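Architecture at a glance
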Number of protein chains: 8
Amino acid sequence: MLFENGDRLIFAGDSVTDMGHEGNGEGLFEAVGRGYVRVVENLLEACYPQLTLRITNAGVSGNTSRDLLARFDRDVVSRDPQWVSICIGINDVWRQFDTPAIAENAVLPEEYERNVEQMIVSVKDRVKGIFLLTPYYMEPNRDDRMRARMDEYGAICCRLAEKYGCCLVDMQAMYDRFFRYRHSSRIAWDRVHPNQMGATLMAREFLKHCEFEYNNNW
Amino acid sequence: MLFENGDRLIFAGDSVTDMGHEGNGEGLFEAVGRGYVRVVENLLEACYPQLTLRITNAGVSGNTSRDLLARFDRDVVSRDPQWVSICIGINDVWRQFDTPAIAENAVLPEEYERNVEQMIVSVKDRVKGIFLLTPYYMEPNRDDRMRARMDEYGAICCRLAEKYGCCLVDMQAMYDRFFRYRHSSRIAWDRVHPNQMGATLMAREFLKHCEFEYNNNW
Amino acid sequence: MLFENGDRLIFAGDSVTDMGHEGNGEGLFEAVGRGYVRVVENLLEACYPQLTLRITNAGVSGNTSRDLLARFDRDVVSRDPQWVSICIGINDVWRQFDTPAIAENAVLPEEYERNVEQMIVSVKDRVKGIFLLTPYYMEPNRDDRMRARMDEYGAICCRLAEKYGCCLVDMQAMYDRFFRYRHSSRIAWDRVHPNQMGATLMAREFLKHCEFEYNNNW
Amino acid sequence: MLFENGDRLIFAGDSVTDMGHEGNGEGLFEAVGRGYVRVVENLLEACYPQLTLRITNAGVSGNTSRDLLARFDRDVVSRDPQWVSICIGINDVWRQFDTPAIAENAVLPEEYERNVEQMIVSVKDRVKGIFLLTPYYMEPNRDDRMRARMDEYGAICCRLAEKYGCCLVDMQAMYDRFFRYRHSSRIAWDRVHPNQMGATLMAREFLKHCEFEYNNNW
Amino acid sequence: MLFENGDRLIFAGDSVTDMGHEGNGEGLFEAVGRGYVRVVENLLEACYPQLTLRITNAGVSGNTSRDLLARFDRDVVSRDPQWVSICIGINDVWRQFDTPAIAENAVLPEEYERNVEQMIVSVKDRVKGIFLLTPYYMEPNRDDRMRARMDEYGAICCRLAEKYGCCLVDMQAMYDRFFRYRHSSRIAWDRVHPNQMGATLMAREFLKHCEFEYNNNW
Amino acid sequence: MLFENGDRLIFAGDSVTDMGHEGNGEGLFEAVGRGYVRVVENLLEACYPQLTLRITNAGVSGNTSRDLLARFDRDVVSRDPQWVSICIGINDVWRQFDTPAIAENAVLPEEYERNVEQMIVSVKDRVKGIFLLTPYYMEPNRDDRMRARMDEYGAICCRLAEKYGCCLVDMQAMYDRFFRYRHSSRIAWDRVHPNQMGATLMAREFLKHCEFEYNNNW
Amino acid sequence: MLFENGDRLIFAGDSVTDMGHEGNGEGLFEAVGRGYVRVVENLLEACYPQLTLRITNAGVSGNTSRDLLARFDRDVVSRDPQWVSICIGINDVWRQFDTPAIAENAVLPEEYERNVEQMIVSVKDRVKGIFLLTPYYMEPNRDDRMRARMDEYGAICCRLAEKYGCCLVDMQAMYDRFFRYRHSSRIAWDRVHPNQMGATLMAREFLKHCEFEYNNNW
Amino acid sequence: MLFENGDRLIFAGDSVTDMGHEGNGEGLFEAVGRGYVRVVENLLEACYPQLTLRITNAGVSGNTSRDLLARFDRDVVSRDPQWVSICIGINDVWRQFDTPAIAENAVLPEEYERNVEQMIVSVKDRVKGIFLLTPYYMEPNRDDRMRARMDEYGAICCRLAEKYGCCLVDMQAMYDRFFRYRHSSRIAWDRVHPNQMGATLMAREFLKHCEFEYNNNW
């Protein structure tokens, strides 16, 4: 198990991470939201009750990497986590397709790379590890223009993960595999926001990189 | 102009047609819903104020062709329209992909064909014309499984339109053309329910088959 | 087509323009409100999907020309539009009739002229064109006192449009023609706020001045 | 004073009479609604506290004369009033103008006359008196099509009042006089539903026919 | 008629005056509240439509004379009325009986007298007239402790009215007369807040001092 | 202590008894309402936790003795209580004063006596005891017309209690004593519905007749 | 893996099972509720996407075994499941402690045994397997009276599971182990209704009996 | 009776004290909340109507001793009470068990002692007396970890009460006695927040230390 007793994990991101979290993003009930962060905490608690881990949801709906960067120090670095997870970029891309005329709403690849890199650099020497979750689009057709664009951002995540030794969690690849069995309409209406089944898929993919053992006995 | 003074048009369908219509589906304000039926009425009223046409929304959210058939006599035939528009089939297909385990929720192609044919037959001799709008999926990739399945249902509409002399309005083809310029995320979140821009696209496609003249002077 | 790819259009006005717009008055769903601005955007999108035009709703319910002038720089000029549409004056007049004792709520013709002129002057050298929409009252009887008063304000718009080369959109004249066929109760309860049919009438009248082609193929 | 201690007055009508009445339409607070019926009761109570009069609101929003006739026996006759007031016809006319295509919603003059006559006949021998309030349209221009139509219905009221000895309260004439001083926008948004000032105008007009003395001392 | 065209009347007071007034306390619909101020405006409008009078509700629920004095300059004097009406004192007394332990909530007679006198002095040279409405308790038994206490405050009003030439409107005396015919439970639940019948009684009593003629013809 | 382990007490009455009880009027939280019934249960539970007593609220807002009689068998007798408490009559009287014109809403003394007597007779042989709570009016002035009327009803309760050996709880007398110290405005707005202090007064008065010992040790 | 493609699982129970399920208790989003049933479905879907399993929530808040038995045929047997899970008894016990005076609300052990046995017998020959989940109380102290009582009901489940070859899922034992590490206040407020962490614990315990492999690759 | 006419009592605490109090925590209706403070006031008023005592609720939901100390001067000392009651510590303990990972939410025993001591010291020379109510957990099993922890805090209260001559009200001991007869589920869902029966138990325990006589005659 990667996490040790007393570790704090902060999950930064957009609405996929946020999912209605309340207050400081930690505590009982809806505090950590209803998305993958919650499922991660549930599985950690159910399988490792002897460990006290602090899970904090730092997602904000609608955030692009630009918005997240602007609050990264306050919402992530200054709260002294041992582990940081970053899942950002979907809105950077989405705004290029749903409201193309409002140029300032979109974040282009070069800026995206700068933004994420700056987040990594600002926190990497203070934590035990950083997880980079690729932005994804639940569209198996790689020729779809929005999917193709999203893949550019995912590739940036790959490069940055390698460059800085972050743990890459390739959510897009996981969804691609899943869609060999199921259609995207089973887990999301808009191909972006997963329902609880999708949240469970993401949490399971995340925990694969954490030496997590589901059958851990207690 | 196809429609004559005093004609009544009834639009039967599912949630794409319904879009929050109230009461009997006709009258001022939200009575005809907020979807393409409303835009059709708006454009007819704005371009032909000298004609009194009665527009009725007979869409019900969640309907499959099986549900529509069960109420077709009461909601369409018995109200004595001069023109009938049928837009059904999306839920017949969708349920096969979002809740595959609940078999009775889906309607397979053979039943779909029987259902739509029975609707046509029951009303064709009492009206001036029938419009068959193809079910669609706002997915330009024809290899997507749900799109491919939807195309089977669209093909059934084509066959039935030809067999019975209905006017075919190929919404799928219109959306395919539109997606050469725009991504689906601009007009729908779930690739099924169009926003008002999508509703306008559908209304415009419908009116192309009605000898409608936008620049009609009054 | 008057508008070119990348152009931004800002519609300034009162509740007739506003119609429940949200946030910055641009984007998907209710962001541009439910009035004529929305119908203009819908028709432009449906007929010219290859053009990316930015439509912004800058209407505020209850505004007189005095209120609009006070926010004109912030809400219109500083946002760098290529095209500006101004539809103001109804409340300037209305307050003279529904609450005659509250004198400061009304804006008299001389001030109205100064206000609108100042708006035009402040923006005319920075845009490709200005649309002046006449204030209107959906009352065909020109002897009605409020209608007669409104006509004075409409005449001011005419003079200013001519003086500064603005494009005049005579909404009052359009409604007058429409009322030869329909009663005002069909499109508004209070003879001021059009329902969706009225919004379509206004959008169509606006687009007549924009070399807009409904049948544009794509 | 026309009314005697213990008399019951029932006011039948449409939304102008109804104005949100609750339950049986009698009692304290909102029970008699917020319209002219309430103002009549208020003035009777304030000026004749020594008389116990029972005021009942039997208005129902949206009613045409056809609807009122269908419930007249249950809501009026069977409750044994000493006095009956009937104010009906506005919706009979309105539906001809706001939704002209829905023919069955309108009530034409011949039927209107039959309906009101039948009401009068059914109750006239059981009461001390019947008040017939003319339907009205707050439009001073008699050439307005809806006003002109309304005047036909008002004329029917006049004829019936004379034929059966009812007391005619000409609300249209009262409003016409009022509009010499004020614009209709001061007392109604839709030229039909009076605000509280309009309700007071109607109550005052009604009481003029009741030997009511405002300065009655007690 | 005491009031002249263009006169402004401001009604200062507590919840009895306030009765849910909105915004600035003037204008259409609920702006002037649902209490006696509204009935005064309704009767003036219905009987003198040729006069334009500006009625402003400056009541605030829960106010004692101390609270009213603190805002008197801002809410009354600085708005330049021609006529001022003051109805205050009920809460000064009430708090002595419903929450006797919270001493600072109550205002004793000496302070009450100073407060009201200061209001009168601050405005008397700038207006055509001041109305002083006695505070009241709808309790006919003069031995009731709260009624007896209220009478002390009413007596102060009498003295001040005489001293400064204000017009005294003795609401307590009017209610006493009314209760010879009716029980207080008919017009108020708490013996303080009149329902609409009580509001009409108060408006009628107020207008008696204004040379108001109900039967004024127009 | 009068009540024995396992006894069931049913409190029948009007809104004073009801006070928002939910469902069957028994169980946790708001089930027994927020009035004196609740305080009785609270005190019994706090002082005699070793006894299991079943407290049921059978009050219904607005009930007169006529209404209560109509449901007495279903709501009281058929539920097999060991003890019955009846507190009815306030609405019988109140309706005579707040809506005097609606005669059928009031219940006159003769009928009141018949109604209560019938309740007593129907249940007296099946229970260990009946409590008759006098209706009251929180008005210390016995000359007040409504108070005087209420006293007639209270006297009927006295007669019936004596005739049938019921336990009389004289709530009016208790309130009269209380008002020597406090004004009614401290415990009720309308002189009928006690707030929680009033509810405690009533519960304490009730328990005085039950051999209840507050200092009972456990 | 115990379940085969196409199998239907129905979970019968009380509020612990129900947890806000909607409609038929199956489908997307909140249809299967927010409790352990949902987590079971999420984990099955995330780990076995190639299997189509139908999960149905048949829990109803507040049910005792008596209530569940009354609807067992309609809600479980007649829907032809391959697998049935029964989790009932908590309310049978709880009502004995929170409302001891309302005897008919509780279900005693003998009846509980009859009820559950009747459920098992009615369905056992039509399914592949039955899961019996023990009722539990999140109270580690076995001397607590409610816990001790609950253990009697759990023992009945054990006996019945053995007698009829059902699969026993001992939720009480699982919680007992968990409370060696955590306090009950972490997963429930009332020691009955688990939050999402508790739901995950229950789902994991359930799946232990299903040959479920979390690390199943796809 | 400990309290004298004119005394003010302020009850400081957390949600158990707060229970929805409004505004300043004093006055009629819900102002003092719905918890034990309210029952104390009710019983004082019902048994000693001749005394005017001022009861103020200064509880705030979620407060630990750290939070209460931070506002103690503003909410308690500066309001000049004669008597102060302090009931704090439950949240200090609870946070150690429901969210163990969020260390800063909990208050450990040493800090708790300092906090309470500082409160006592800051006010003791200005009041007639201080009541210290022990924090409690409605768990009769002293081996329960949270109960055991709570007992440490209760012991601190005992020491401080003795050291400074405060009146100790041992709520934990009272509940322990009560649970010999009833299960905790009868008076609270979460073993912390008492329902109205629990509030009555607490009020009765509090008043035992006040020379309160329930049977006091007036």
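Above: the structure in question.
In this report, the structure presented in the accompanying data block is examined. (Residues numbered from 1 in each chain as written. Chains lettered and ligands numbered in written order. Predicted model: local features only at pLDDT ≥ 70, side-chain atom pairs only at ≥ 80, totals over all residues. Heavy atoms only, no water.)

Each of the two copies of the chain can be brought onto the other by a rotation about an axis and a shift along it. Mapping chain C onto chain A calls for a rotation angle of 90° and an axial translation of 0.0 Å; the resulting RMSD is 0.1 Å. The superposition operator between the copies reduces to a four-fold rotation axis. (Least-squares fit on C-alpha atoms with pLDDT ≥ 70 in both.)

In this complex, chain C contributes six residues to the contact, which on the side of chain A involves seven residues. Of the roughly 480 Å² buried between chain C and chain A on both sides combined, carbon and sulfur atoms contribute 67%. Taken as a group, C:Leu28, C:Thr52 and C:Arg54 account for 79% of the area that chain C buries against chain A, more than any other trio of residues on that side. Linking chain C with chain A are one salt bridge. The interface formed by chain C and chain A contains one residue pair in polar contact (both at pLDDT 80 or more). The residue inventory of the side of chain C that touches chain A, partitioned by class, reads two nonpolar, two polar and two charged. (Contact = heavy atoms within 4.5 Å. Buried area = accessible area lost by both parts, 1.4 Å probe. Salt bridge = Lys/Arg side-chain N within 4 Å of Asp/Glu carboxyl O. Polar contact = N/O pair within 3.5 Å; in protein donor to acceptor, adjacent residues only side chain to side chain. Nonpolar A, V, L, I, M, F, W, Y, C, P; charged D, E, K, R; others polar.)

Attention now moves to the interface of chain G and chain A. Chain G puts 34 residues into the contact, and the matching count from chain A is 34 residues. Of the roughly 3,600 Å² buried between chain G and chain A, counting both surfaces, carbon and sulfur atoms make up 57%. For chain G, the biggest contributors to the area lost against chain A are G:Arg204, G:Tyr214 and G:Trp218; these three give 24% of the whole. Put simply, the parts of the chain that give the side of chain G that touches chain A at least two residues each are helix H2 (36-47), helix H7 (171-178) and helix H8 (196-207) of chain G. Per-element tally for the side of chain G that touches chain A: the top contributor is H2(G), with seven residues. Looking at the side of chain G that touches chain A, its residues break down into 17 nonpolar, nine polar and eight charged. (Helix = DSSP H or I, 4+ residues; strand = E, 2+ residues; numbered from the N terminus.)

Turning our attention to the relation of the copies chain G and chain A. Overlay of chain G on chain A (RMSD 0.0 Å): rotation 180°, translation along the axis 0.0 Å. Interpreted geometrically, this transformation is the action of a two-fold axis. In terms of C-alpha distance to the rotation axis, chain G has G:Tyr214 as its closest residue, with the C-alpha 3.4 Å off the axis. Comparing interface residues between copies, 100% of those in chain G also lie at the interface in chain A; the contact surface is shared.

Moving on, we come to the side chain of A:Glu26. Note on placement: A:Glu26 falls in the loop between helix H1 (15-18) and helix H2 (36-47). Classification of A:Glu26 as buried rests on a relative accessible area of 13%. A polar contact of 2.7 Å, which involves the side chain of A:Glu26, links it to the side chain of A:Arg54. When neighbours within four sequence positions are excluded, A:Glu26 is seen to be in contact with A:Arg8, A:Ala31, A:Val32, A:Arg54, A:Ile55, A:Thr56 and H:Ile102. (Buried < 20%, exposed > 50% of the residue type's maximum accessible area, 1.4 Å probe, protein only.)

Right, let's get into the pairing of strand S3 (residues 83-87) of chain H. All names here are of chain H. For S3, a buried count of five out of five residues is recorded, marking the element as mostly surrounded by other parts of the structure. Of the two faces of S3, both are covered, the one formed by Trp83, Ser85 and Cys87 as well as the one formed by Val84 and Ile86. Judged from the five bridges that link them, strand S1 (residues 8-13) and S3 form a sheet pairing that is parallel. If you follow Leu9 over to S3, its bridge partner there is Trp83. Here five bridges tie S3 to strand S4 (residues 129-133), and the two strands are oriented parallel to one another. Of the residues in S4, the one forming a bridge with Ile86 is Leu132. (Pairing = 2+ DSSP bridges.)

Moving on, we get to the packing of aromatic side chains. In this structure the tally under the stated criterion is 124 aromatic pairs over all chains. Pairing F:Trp83 with F:Phe131 gives two aromatic rings, centres 6.0 Å apart and planes at 40°, and the pair type is tilted. In this pair, F:Trp83 is assigned in strand S3 (residues 83-87) and F:Phe131 in strand S4 (residues 129-133), connecting sequence segments 48 residues apart. Here F:Phe131 falls in the buried class, since its relative accessible area comes to 2%. Three or more aromatic residues link up through ring pairs in this structure, and these residues are A:Phe3, A:Phe11, A:Tyr36, A:Trp83, A:Phe131 and A:Phe206. One cation-aromatic arrangement involves C:Arg204 over B:Tyr214; the distance from NZ or CZ to the ring centre is 5.5 Å. (Phe/Tyr/Trp six-rings, centres within 6.5 Å; stacked < 30°, edge-to-face > 60°. Lys NZ or Arg CZ within 6 Å of the ring centre and 35° of its normal.)

Before going further, it helps to examine the pattern of salt bridges. Residue and element names in this part refer to chain B. Summed over the entire model, instances satisfying the criterion amount to 208 salt bridges over all chains. With a shortest N-O distance of 2.9 Å, Arg147 and Asp151 are connected by a salt bridge. Taken together, the positions of Arg147 and Asp151, both in helix H6 (residues 145-164) and four residues apart, correspond to about one turn of that helix. What makes Arg147 buried here is its relative accessible area of 1%.

For the rest of this paragraph, the subject is the pairing of strand S2 (residues 54-59) of chain H. Residues and elements named next belong to chain H. In terms of residue burial, S2 counts as a mostly covered element, since six of its six residues are buried. In S2, alternate side chains face the same way, and those of Arg54, Thr56 and Ala58 on one face and Ile55, Asn57 and Gly59 on the other are all buried. Where S1 and S2 come together, six bridges link them in parallel fashion. Of the residues in S2, the one forming a bridge with Gly13 is Gly59.

Looking now at the packing of helix H8 (residues 196-208) of chain D against helix H2 (residues 36-47) of chain E. At a minimum axis separation of 9 Å, H8(D) and H2(E) run at an interaxial angle of 60°. With respect to their mutual orientation, H8(D) and H2(E) come out oblique. Crossing handedness for the pair H8(D) and H2(E): right-handed. Contacts between H8(D) and H2(E) pair D:Gln196, D:Met197, D:Thr200, D:Leu201 and D:Arg204 from the former with E:Arg38, E:Asn42, E:Leu43, E:Glu45, E:Ala46 and E:Cys47 from the latter. Looking at side-chain class alone, the contact of H8(D) with H2(E) contains five nonpolar, three polar and three charged residues. (Axes fitted to C-alpha atoms, helices over the stretch in contact; angles between N-to-C directions. Parallel < 35°, antiparallel > 145°, perpendicular 65-115°, else oblique. Left-handed = near helix turned anticlockwise from the far one by under 90°.)

Residue and element names in this part refer to chain G. Taking strand neighbours across the sheet as the criterion, the five strands line up as S2-S1-S3-S4-S5 in an open arrangement whose pairing is parallel. The open sheet terminates on both sides in strands that have one partner only, identified here as strand S2 (54-59) and strand S5 (167-169). Across the sheet, the mean angle from the axis of one strand to that of its neighbour is 15°, orientation sign disregarded. Most of the contacts of H2 go to S2, to which it runs at about 175°, and overall it touches strand S1 (8-13), S2, strand S3 (83-87) and strand S4 (129-133). Along the sheet, helix H6 (residues 145-164) makes contact with S4 and S5, crossing S4 at roughly 165°.

What follows is about the sheet that holds strand S5 (residues 167-169) of chain A. Residues and elements named next belong to chain A. Strand order in this open sheet of five strands is S2-S1-S3-S4-S5, and the pairing throughout is parallel. Across the chains shown, the open sheet's two edge strands, defined by having one partner strand only, are strand S2 (54-59) and S5. With direction set aside, neighbouring strand axes in the sheet form an average angle of 15°.

Our next topic: unusual backbone geometry. Negative phi values dominate among residues other than glycine, just as trans dominates among peptide bonds. A positive phi angle is found at B:Phe29, which is not glycine, with a value near 55°. Tracing the chain through its elements places B:Phe29 in the loop between helix H1 (15-18) and helix H2 (36-47). Its identity as a non-glycine residue notwithstanding, E:Asp80 has a phi of 55°, on the positive side. Here E:Asp80 is to be found in the loop between helix H3 (65-75) and strand S3 (83-87).

Residue and element names in this part refer to chain A. Regarding helix H3 (residues 65-75), the residues found buried are Ser65, Leu68, Arg71, Phe72 and Asp75. Buried positions in H3, seen along its axis, are confined to an arc of 150° and lie on one side of it. Residues Ala70, Asp73 and Arg74 are exposed on H3 and point more than 90 degrees away from its buried face. Where H3 is buried, its residues touch strand S1 (8-13), S2, strand S3 (83-87), helix H4 (90-98) and helix H5 (109-123). (Arc of directions from axis to C-beta.)

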